[in-house]
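What follows is each chain in one-letter form.
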Amino acid sequence: MRLSVLFGVAVAGLAGLGYAYRSDVSGFLSQRGVNLPVAEMSGAAAAATPKASAAAVPCRTDPLAPAVTPTVTFSSEPDTSGKAARYGTLQYPRGPILPMQIALTIDDGPDATYHKRVLDILDKHCLKAAFFFVGWYANARPDLVRDTAARGHTIGTHSWTHPNNLRRLSAEAQIHQIGQGFWGSEKALESAPADQQARLAPFFRFPGLNDSPTMLAYLGKRRIAAFSSDFGADDWMGISAAEVERRALKQGASSRGGVVILHETRVHTVEALDSIITEFERRGYRFVQIVPAPGARDAAAAAPDPLIGRVRAKR
Ligand SMILES: [Zn+2]
């Protein structure tokens with residue numbers, strides 16, 4: 001009964017997927033201020049690599065990259081007002097990412113057509129990223145979720161069916177979207193080894209970056225962090241691969257790196273990804289992987305009415 005209700009809602013929500021990407025981040029990019037040019041930050045590049053030992057061994061298939069992507073931990077503890085921890089200067093504070101560091105985050109998958117290709121590109125660069133999965137897709141392709149976890153990437157969530165503005169839904173429907181988003185990825189990892197299950201982080205990104213005070217409080221209570229981004233590439237607009245790369249490099253320079261948001265459902269993004277990574281590395285940026293702070297997953301699972309740990313609890 002419960003499942004059939006879920007699928008009914010999901011089918012209705014799928015109609016929203018077609019236009020879901022268009023307005024992602026557009027409004028926020030224009031709000032950003034001008035920052036120092038990249039050249040002035042070159043001295044910070046070395047200091048920006050948190051684990052010097054990891055950088056000592058180069059990636060076999062990318063001499064510009066380390067074999068192991070350094071990690072940067074993000075707390076999911078709410079602020080003093082009870083609102084979720086929030087990261088990404090398009091809307092929020094920057095978080096612990098230093099100048100000239102870039103954390104690659106990829107939204108809207110796992111995409112049946114492009115996800116494997118994206119994983120292979122990342123492997124070529126020995127680069128661990130963070131994916132914000134749509135629960136419906138994760139539930140449809142649990143093999144892709146497991147592959148992502150097995151290759152060591154961080155998995156965050158991005159709602160159940162990606163309605164582009166949760167604020168237009170009732171509170172009950174918003175809660176359903178967020179909850180099933182986590183459920184979809186957690187369910188996909190149910191049979192995976194424990195260390196791979198742990199790749200599901202207490203991280204959420206609002207579709208279209210459209211947050212609300214109510215839902216930030218909802219997430220805060222459940223020890224879930226909300227991720228915006230520090231820069232993007234306007235790749236949701238359907239621009240060419242060359243233009244995606246140009247904008248990524250330009251906007252990355254303007255924000256001195258940070259959390260970048262890309263979309264794996266766009267062919268031009270996938271076509272540009274390899275070159276974008278190489279070009280950032282060539283310019284002295286260092287990729288890092290966002291991971292939850294120690295104990296953050298357990299804290300989220302122990303929260304009242306939790307968003308993590310529900311699949312196991314139902315057994
Ligand atoms: Zn999205």
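Residues numbered from 1 in each chain as written. Predicted model: local features only at pLDDT ≥ 70, side-chain atom pairs only at ≥ 80, totals over all residues.

Draft legend 1. A look at the overall build of the chain. Helix and strand counts for the chain come out as 14 helices and 11 strands. A buried classification covers 49% of the 315 residues belonging to the chain. By sequence separation, contacts in the chain at least 24 residues apart represent 80% of the contacts at least 6 residues apart. (Helix = DSSP H or I, 4+ residues; strand = E, 2+ residues; numbered from the N terminus. Buried ≥ 20, exposed ≤ 12 C-beta atoms within 10 Å, placed from the backbone. Contact = placed C-beta atoms within 7 Å.)

Draft legend 2. Structural context of the environment of histidine 158. Positionally, histidine 158 belongs in the loop between strand S7 (154–157) and helix H8 (171–188). With 27 C-beta atoms packed within 10 Å, histidine 158 lands in the buried category. C-alpha of histidine 158 to C-alpha of aspartate 108: the two residues are 50 residues apart in sequence and 7.2 Å apart in space. Beyond its immediate chain neighbours, meaning those up to four positions away, histidine 158 contacts Asp107, Asp108, Phe132, Phe133, Val134, Gly181, Arg205 and Pro207.

Draft legend 3. Expanded view of the confidence of the model for the chain. The predicted model of the chain has a mean per-residue pLDDT of 86, with 82% of residues at 70 or higher. Here residues 1–52 is modelled with pLDDT under 50, and outside its nearest four sequence neighbours on either side it reaches 73 contacts, counting other chains as well. (pLDDT = per-residue confidence, 0-100.)

Draft legend 4. Broad picture of the environment of aspartate 305. Tracing the chain through its elements places aspartate 305 in the loop between helix H13 (296–302) and helix H14 (310–313). Residues aspartate 305 and arginine 222 lie 83 residues apart in sequence; the distance between their C-alpha atoms is 7.3 Å.

Draft legend 5. Fine view of the pairing of strand S10 (residues 258–263). For S10, the tally of buried residues reaches 6 of 6 residues, placing the bulk of the element in the interior. As paired elements, strand S5 (residues 101–107) and S10 share 6 bridges and run parallel to each other. Directly across from isoleucine 106, in S10, lies its bridge partner leucine 262. (Pairing = 2+ DSSP bridges.)

Draft legend 6. Broad picture of the packing of helix H5 (residues 115–124) against helix H12 (residues 267–282). Contact geometry for H5 and H12: axes closest at 10 Å, N-to-C directions at 5°. One finds that H5 runs roughly parallel with respect to H12. Of the residues in H12, those in contact with Arg117, Val118 and Ile121 of H5 are Val270, Leu273 and Asp274. Broken down by class, the residue content of the contact of H5 with H12 amounts to 4 nonpolar, no polar and 2 charged. (Axes fitted to C-alpha atoms, helices over the stretch in contact; angles between N-to-C directions. Parallel < 35°, antiparallel > 145°, perpendicular 65-115°, else oblique. Nonpolar A, V, L, I, M, F, W, Y, C, P; charged D, E, K, R; others polar.)

Draft legend 7. Spatial organisation of the packing of helix H11 (residues 241–254) against H12. Packing of H11 against H12 leaves a shortest axis separation of 8 Å and a crossing angle of 40°. Judged by the inter-axis angle, H11 sits oblique to H12. Between H11 and H12 the crossing geometry is right-handed. Residue-level contacts link Ala241, Val244, Glu245, Ala248, Leu249 and Gly252 of H11 to His268, Thr269, Glu271, Ala272, Ser275, Ile276, Glu279 and Phe280 of H12. (Left-handed = near helix turned anticlockwise from the far one by under 90°.)

Draft legend 8. How the structure looks around H8. Compared with an ideal rise of 1.5 Å per residue, which puts 18 residues at 26 Å, H8 spans 26 Å between its outermost C-alpha atoms and is within 8% of the ideal. Of all the 18 residues making up H8, 13 are buried; the element is thus mostly covered by neighbouring parts of the structure. (Expected span 1.5 Å × (residues − 1).)

Draft legend 9. Up close: helix H10 (residues 213–221). Of all the residues in H10, the buried ones are Met215, Leu216, Tyr218, Leu219 and Gly220. Along its buried surface, H10 packs onto H8, strand S8 (200–204) and strand S9 (225–227). Positive backbone phi, approximately 60°, marks arginine 223, located one or two places after H10.

Draft legend 10. Representation of the environment of leucine 166. Along the chain, leucine 166 falls in the loop between S7 and H8. Through-space distance from the C-alpha of leucine 166 to that of phenylalanine 206 is 7.7 Å; in sequence the pair is 40 residues apart. Residues contacting leucine 166, with those up to four places away along its chain left out, are Ser159, Gln174, Gln177, Phe206, Pro207, Asn210, Ser212 and Met215.

Draft legend 11. Main features of unusual backbone geometry. Cis rather than trans, the peptide bond between glycine 109 and proline 110 has omega equal to 0°. Mapping proline 110 onto the fold places it in the loop between S5 and H5. Phi at arginine 256 is positive, roughly 55°, even though this residue is not glycine. Structurally, arginine 256 can be placed in the loop between H11 and S10. For arginine 256, a count of 24 C-beta atoms within 10 Å translates into the label buried. Of note in this structure, aspartate 305 is not a glycine but carries a positive phi near 50°. Residue aspartate 305 is classed as exposed on the basis of its 10 C-beta neighbours within 10 Å.

Draft legend 12. Structural context of the pairing of strand S2 (residues 62–66). Summarising the sheet, strand S1 (residues 58–59) and S2 pair through 2 bridges and their orientation is antiparallel. Paired with cysteine 59 across the strands is aspartate 62, a residue of S2.

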